[in-house]
Amino acid sequence: MKKFDYIVKVSEGLHARPAGLLVKCAKDCSSDIKILNAGKSADAKRLFSVMSLGVKQNDKITLTAEGNNEDNDLEKLKLFCEKNI
Amino acid sequence: MGFLSKFKSKNTIVAQQSGKAVTVNEVPDPAFSDKILGDGIAIIPSENKVVAPISGTIVQVADTMHAFCIESDDGLEVLVHLGLDTVKLEGKGFKCHVKTGQHVKAGDPVMDMDIEFIKNEGYNVITPCIITNMDKIKKITAVTGTAESGKTGVIKYEI
C-alpha cells in the first residue's frame with residue numbers, strides 16, 4: 001500500500017463537484033483507493049462515501065492506494081489533487 | 001388514489017420541488033450536465049418547499065445546507081443539490097427539517113430553499129436530483145415537464 005497526505009486548498013472543501021471529480025479519478029485507478037480524514041475512512045470510488053467525510057478547506061486528508069498499480073495510481077491522484085482541490 | 005399510486009411505485013423518483021423538470025443536460029454546470037456525479041433530472045423550482053424524492057434514509061446534509069444525500073430503501077444513493085455553487089451562501093437562504101439518519105417517505109418535507117433570496121444573490125436555483133450509484137441501474141428515463149413536488153414522477157428506473 002502507498003499513501004500521501006494532502007491539505008485541501010479549495011474554499012468549498014470536498015463538496016459535490018470536487019468530490020465527484022475525485023471519485024471519477026479514483027474509478028480510473030485499478031487499485032483500491034481510500035480517503036482518510038479526522039479518523040474516518042471513505043471509499044474514494046463512491047461519491048456518498050467521500051461526501052460523508054465532510055472534508056473542509058485546510059483539512060489534511062490521506063489518500064491510500066492498494067493494488068498492482070498502486071504507484072501509478074497514487075501519482076495520478078496526487079496530480080489530480082494539486083490541480084483540482 | 002389509484003392514479004396517484006402509479007407515481008409512488010418503487011421504481012419512480014418523484015419531483016423534490018414543484019416547477020419545471022428538465023434533463024440534466026440543461027444544467028449549466030458540467031459536474032451535472034456531463035453526468036460526472038451520476039444521472040437523473042433537474043427541477044427549475046417555482047416554490048421554496050423541497051421534499052424527499054424517494055423513500056429512504058437521510059445519509060448526509062451539507063453543513064451549508066445546499067445539498068443532501070438520501071439512500072433509498074432499494075439502495076439508490078440520491079444526491080439533491082439545491083441550486084448551483086450555492087455552497088458559497090454558507091447556509092443563507094436554506095432551512096433544514098431533517099436530521100442525518102432520519103428515515104423519510106417520498107414527499108416528506110426535507111428543506112426550504114428561499115428561491116427569491118438565492119436568485120437575488122446571483123445564484124442559479126436549478127436543482128439537480130441525481131442517482132450517484134449508477135452501477136446499480138439497468139435503465140433510467142427522465143420525465144420532463146411541469147412537476148408537482150412529491151407527486152410527479154420525474155425519473156423512472158430499473159435496477
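For the structure itself, look to the data block above.
The shown structure was predicted, so the numbers you read here are calculated from the model rather than taken from an experiment. (Residues numbered from 1 in each chain as written. Chains lettered and ligands numbered in written order. Predicted model: local features only at pLDDT ≥ 70, side-chain atom pairs only at ≥ 80, totals over all residues.)

Undergrad: Describe in detail the pairing of strand S3 (residues 40–43) of chain A, supporting the description with residues and values.
TA: Residues and elements named next belong to chain A. In this structure, strand S2 (residues 32–37) lies alongside S3, joined through four bridges in antiparallel fashion. Bridging across to S3, Leu36 finds its partner in Ser41. In textbook terms, the turn of a hairpin is the stretch between consecutive antiparallel strands, and for S2 and S3 this stretch comprises two residues, one of which, Ala38, has a positive phi near 50 degrees. (Pairing = 2+ DSSP bridges. Helix = DSSP H or I, 4+ residues; strand = E, 2+ residues; numbered from the N terminus.)

Undergrad: Residue-level account of the environment of Asn48 of chain B, with values.
TA: Residues and elements named next belong to chain B. Along the polypeptide, Asn48 turns up in the loop between strand S3 (39–45) and strand S4 (49–51). Judged by the 19 C-beta atoms lying within 10 Å of it, Asn48 is partly exposed. Placed 105 residues apart in sequence, Asn48 and Gly153 show a C-alpha to C-alpha distance of 19 Å. (Buried ≥ 20, exposed ≤ 12 C-beta atoms within 10 Å, placed from the backbone.)

Undergrad: An account of the sheet that holds strand S7 (residues 77–81) of chain B is requested, with residue identities and associated values reported.
TA: All names here are of chain B. With antiparallel pairing, eight strands are arranged side by side in an open sheet as S9-S5-S6-S7-S11-S3-S2-S13. Every interior strand has two partners, whereas the edge strands, strand S9 (103–104) and strand S13 (145–147), have only one. Relative to strand S11 (residues 127–131), S3 is paired through five bridges, and the arrangement is antiparallel. Bridge pairing in S11 places Ile41 opposite Cys129.

Undergrad: Give me the interface of chain A and chain B: which residues, what numbers.
TA: The interface of chain A with chain B comprises twelve residues on the first partner and 14 residues on the second. Contributions of two or more residues to the side of chain A that touches chain B are made by helix H1 (16–27) and helix H2 (47–51) of chain A. Considering every element that reaches the side of chain A that touches chain B, the biggest residue donor is H1 of chain A, with five residues. (Contact = placed C-beta atoms within 7 Å.)

Undergrad: Can you explain unusual backbone geometry? Please cite residues and give values.
TA: Phi at Ala38 of chain A takes a positive value of approximately 50 degrees, unusual for a residue other than glycine. Relative to the helices and strands, Ala38 of chain A resides in the loop between S2 and S3. With a phi angle near 55 degrees, Met65 of chain B is a residue other than glycine that sits in the positive phi range. With respect to the helices and strands, the residue Met65 of chain B is situated in the loop between strand S5 (56–61) and strand S6 (67–72).

Undergrad: Give me the nonpolar core: which residues, what numbers.
TA: Ranked by internal contacts, the top residues of the largest apolar core, which has 72 residues, are Leu22 and Val50 of chain A together with Phe68 and Val78 of chain B. With six residues, the top contributor of residues to this core is H1 of chain A. Setting aside residues no more than four positions away along its own chain, Leu22 of chain A makes contact with Leu14, Ala44, Val50, Phe80 and Ile85 of chain A. (Core = buried A, V, L, I, M, F, W, Y, C linked by C-beta atoms within 7 Å.)

Undergrad: Can you lay out the pairing of S2 of chain A for me, pointing to particular residues and giving the numbers?
TA: Alignment of S2 of chain A against strand S4 (residues 60–66) of chain A, held across five bridges, turns out to be antiparallel. From the neighbouring strand, Asp32 of chain A faces S4 of chain A, where its bridge partner is Glu66 of chain A.

Undergrad: Give a detailed account of the sheet that holds strand S1 (residues 12–14) of chain B, specifying residues and quantitative values.
TA: Residue and element names in this part refer to chain B. Pairing is antiparallel across the open sheet formed by three strands, whose spatial order is S1-S14-S12. Strands with a single pairing partner mark the edges of an open sheet, and in this sheet they are S1 and strand S12 (139–142). Going across the sheet, the axis of each strand differs from the next one's by a mean of 20 degrees, ignoring polarity. Sheet topology places S12 next to strand S14 (residues 153–158); four bridges connect them, and they run antiparallel. Each bridged residue has a counterpart across the sheet, and for Ala142 the counterpart in S14 is Ile155. (Axes fitted to C-alpha atoms, helices over the stretch in contact; angles between N-to-C directions.)

Read these as spatial facts, not as claims about activity.
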